[in-house]
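Inside the fold
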Amino acid sequence: MEKVKCLIIGSGPAGYTAAIYAARAGLSPMLYTGPQPGGQLMITNDVENYPGYPAGRNGPEMMEDFRKQAERFETVIRNEMIVKVDFTGPIHKAWSESGAEIHSPTIIIATGASAKWLGIPGEHELENKGVSACAVCDGFFFRKQKVAIVGGGDTAAEESTYLAKICSEVHLLVRRDEMRASKIMQERVLNTPNLIVHWNTSPEEVLGTDGVEGVRIRNNKTNEVSTLDISGFFVAIGHQPNTDIFKGWLDLDDSGYIKAVPGRSLTNLPGVFASGDAQDKIYRQAVTAAGTGCMAALDAERYLVETGL
Ligand code: NDP
């Protein structure tokens, strides 16, 4: 068994930022990276919207910068996953996949979320070559081009109208004859001239070799198959927060996101703090995740001072 003052679970922008702040506050944090060290930015090419990088930065390289900065202040980083927790407190417990048992009065959760994918041919093969799960991150690369986006929820509605401002033509593929998105978002979609909604339509295959060249679609009512010529294909069918191990301990919403006190990182349990996409289904940006990682570290530090643990 090992004792630390602050255990950080997850290694995206939220986790590393929490580590930088916690380490500089003298908490000597331990950080478990999880299965994809660096998080969702590891599957992104160029990040052009993170302030401080005027020329943009390759996603994996940016996460290496984050990691080095956390290590500079002596964060102990382990490339492993936490598989079980016991938040009975006041000293919380966590176990890694190799069986290490960590005891800590503060836990910062930064386990993120994973985009859901369709699982159709071409989708995985062309990921980062025109297939993306984040319009805000990658829309700019398809300026004045034709793109398609799949989904019928608020994310698809928001991202399709966002893309319509940048791209010449946006094809929104909705699998049913109605959208799940809120009324106001749907109205925005329907009132955007260069945004074409294809109802009852599912993509069957993303076409192209070195980049996206088109998508084969099927009308679910008539079974008619056709091809759309596009150079960008966006998937917006929801995210899955990586919060399974916290079920039963933390208050989660219906989709599994951690319920933090609005504007804070506090969860329903003393000493357990939430940051990043595991508690944010609205903004989901690297910079917002980093901000909440900072908040969680400051809240953890304050909690240690107040409790004397
Ligand atoms: P949702 O789960 O709300 O919607 C997912 C959408 O994707 C549904 O329309 C669903 O279709 C469709 N879908 C799922 N699987 C497939 C598939 N295999 N093929 C085609 N379509 C598929 O996810 P969102 O990310 O849109 O939203 C998540 C939460 O975040 C919601 O609560 C939303 O309100 C919230 N949100 C709020 C925002 C805001 O307030 N500004 C912005 C973004 C999100 P079907 O309807 O047929 O099931």
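The structure we're discussing is the one just above.
Residues numbered from 1 in each chain as written. Predicted model: local features only at pLDDT ≥ 70, side-chain atom pairs only at ≥ 80, totals over all residues. Heavy atoms only, no water.

**Description of the overall build of the protein**
- From N to C terminus, the protein includes six helices and 21 strands.
- Since a compact globule built from 309 residues should have a radius of gyration of about 19 Å, the 21 Å found for the protein is in line with a globular shape.
- Buried positions account for 51% of the 309 residues belonging to the protein.
- Taking as baseline every contact in the protein between residues at least 6 positions apart, the subset at least 24 positions apart corresponds to 59%. (Helix = DSSP H or I, 4+ residues; strand = E, 2+ residues; numbered from the N terminus. Rg over C-alpha atoms; globule rule 2.2 N^0.38 Å. Buried < 20%, exposed > 50% of the residue type's maximum accessible area, 1.4 Å probe, protein only. Contact = heavy atoms within 4.5 Å.)

**Regarding the layout of surface pockets**
- Size it by volume and the second largest pocket reaches roughly 300 Å³.
- Around the second largest pocket, the lining comprises 17 residues; the ones closest to its centre are Gln279, Asp280, Lys281, Tyr283 and Thr292.
- Here the lining of the second largest pocket gets three residues from one element, more than from any other, and that element is helix 6 (residues 286-307).
- In terms of residue class, the lining of the second largest pocket is built from eight nonpolar, five polar and four charged. (1 Å grid on protein atoms, 1.4 Å probe; cavity = no way out; pocket = protein on both sides within 12 Å on 5 of 7 lines; lining within 4 Å. Points joined across faces, edges and corners; volume = space filled by probe spheres on them. Nonpolar A, V, L, I, M, F, W, Y, C, P; charged D, E, K, R; others polar.)

**Things to note about helix 6**
- Over its 22 residues, helix 6 extends 31 Å from the first C-alpha to the last, a length consistent with the 32 Å expected when each residue adds 1.5 Å.
- Among the residues of helix 6, Ala286, Ala289, Ala290, Thr292, Gly293, Cys294, Ala296, Ala297, Asp299, Ala300, Tyr303 and Leu304 are the ones counted as buried.
- One or two positions beyond helix 6, positive phi appears at glycine 308, with a value near 70°. (Expected span 1.5 Å × (residues − 1).)

**Concerning the state of the cysteines**
- Using the criterion set out here, one finds one disulfide in the structure.
- Disulfide partner of cysteine 134: cysteine 137, at an S-S distance of 2.1 Å. Taking the sign of the S-S torsion, 75° for the link of cysteine 134 and cysteine 137, the bridge is right-handed.
- Taking the relative accessible area as the measure of exposure, cysteine 134 reaches 15% and is therefore buried.
- There is no disulfide at cysteine 167, and the cysteine sulfur nearest it, in cysteine 134, is 13 Å away.
- Among the residues examined, cysteine 167 registers a relative accessible area of 5% and is labelled buried.
- A disulfide-free cysteine, cysteine 294 has its sulfur positioned 13 Å from the sulfur of cysteine 6, the nearest such atom. (Disulfide = S-S within 2.5 Å.)

**A look at the nonpolar core**
- Residues Ile8, Tyr16, Tyr50 and Ile108 are the most contacted members of the largest nonpolar core, which totals 26 residues.
- With seven residues, the top contributor of residues to this core is helix 6.
- Those residues in contact with isoleucine 8, other than ones at most four positions away along the chain, are Gly15, Ala18, Ala19, Pro29, Met30, Leu31, Tyr32 and Ile108. (Core = buried A, V, L, I, M, F, W, Y, C linked by side-chain atoms within 4.5 Å.)

**Focus: the sheet that holds strand 21 (residues 272-274)**
- Here five strands make up an open sheet; going across it, the order is 6-3-2-10-21 and the pairing parallel. Across the chains shown, the open sheet's two edge strands, defined by having one partner strand only, are strand 6 (76-78) and strand 21. For this sheet the average axis-to-axis angle between neighbouring strands, irrespective of direction, equals 20°.
- Strand direction decides the pairing type here: strand 3 (residues 30-32) and strand 6, joined by three bridges, are parallel. (Pairing = 2+ DSSP bridges. Axes fitted to C-alpha atoms, helices over the stretch in contact; angles between N-to-C directions.)

**Brief notes about the site of the ligand**
- The local shell around the ligand holds 14 residues, among which Asp154, Thr155, Arg175, Arg176 and Arg180 are the closest.
- Within the side chain of aspartate 154, a nitrogen or oxygen atom sits 2.6 Å from an oxygen atom of the ligand.
- Here a nitrogen atom of the ligand and a side-chain polar atom of glutamate 158 are 3.0 Å apart.
- Among the elements that take part in the shell around the ligand, helix 4 (residues 154-166) stands out by supplying three residues, more than any other.
- Taken together, the residues of the shell around the ligand sort by class into three nonpolar, five polar and six charged. (Near = heavy atom within 4 Å. Polar contact = N/O pair within 3.5 Å; in protein donor to acceptor, adjacent residues only side chain to side chain.)

**As for the packing of helix 1 (residues 13-24) against helix 6**
- Remark: helix 1 packs on helix 6, axes separated minimally by 7 Å, with the N-to-C direction vectors making an angle of 35°. As for the relative orientation of helix 1 and helix 6, their crossing is right-handed in sense. Of the residues in helix 6, those in contact with Pro13, Ala14, Thr17, Ala18, Tyr21 and Ala22 of helix 1 are Ala286, Ala289, Ala290, Gly293, Cys294, Ala297 and Leu298.
- Classifying every residue of the contact of helix 1 with helix 6 by side-chain character gives eleven nonpolar, two polar and no charged. (Left-handed = near helix turned anticlockwise from the far one by under 90°.)

**Some thoughts on the side chain of serine 132**
- Locating serine 132 in the fold gives a position in strand 12 (residues 131-132).
- Residue serine 132 is classed as buried on the basis of its relative accessible area, which comes to 5%.
- Of the polar contacts made by the side chain of serine 132, one reaches the backbone nitrogen of cysteine 134; its length is 2.9 Å.
- Among all residues touching serine 132, those that are not within four sequence positions of it are Trp117, Asp138, Phe233, Phe234 and Val235.

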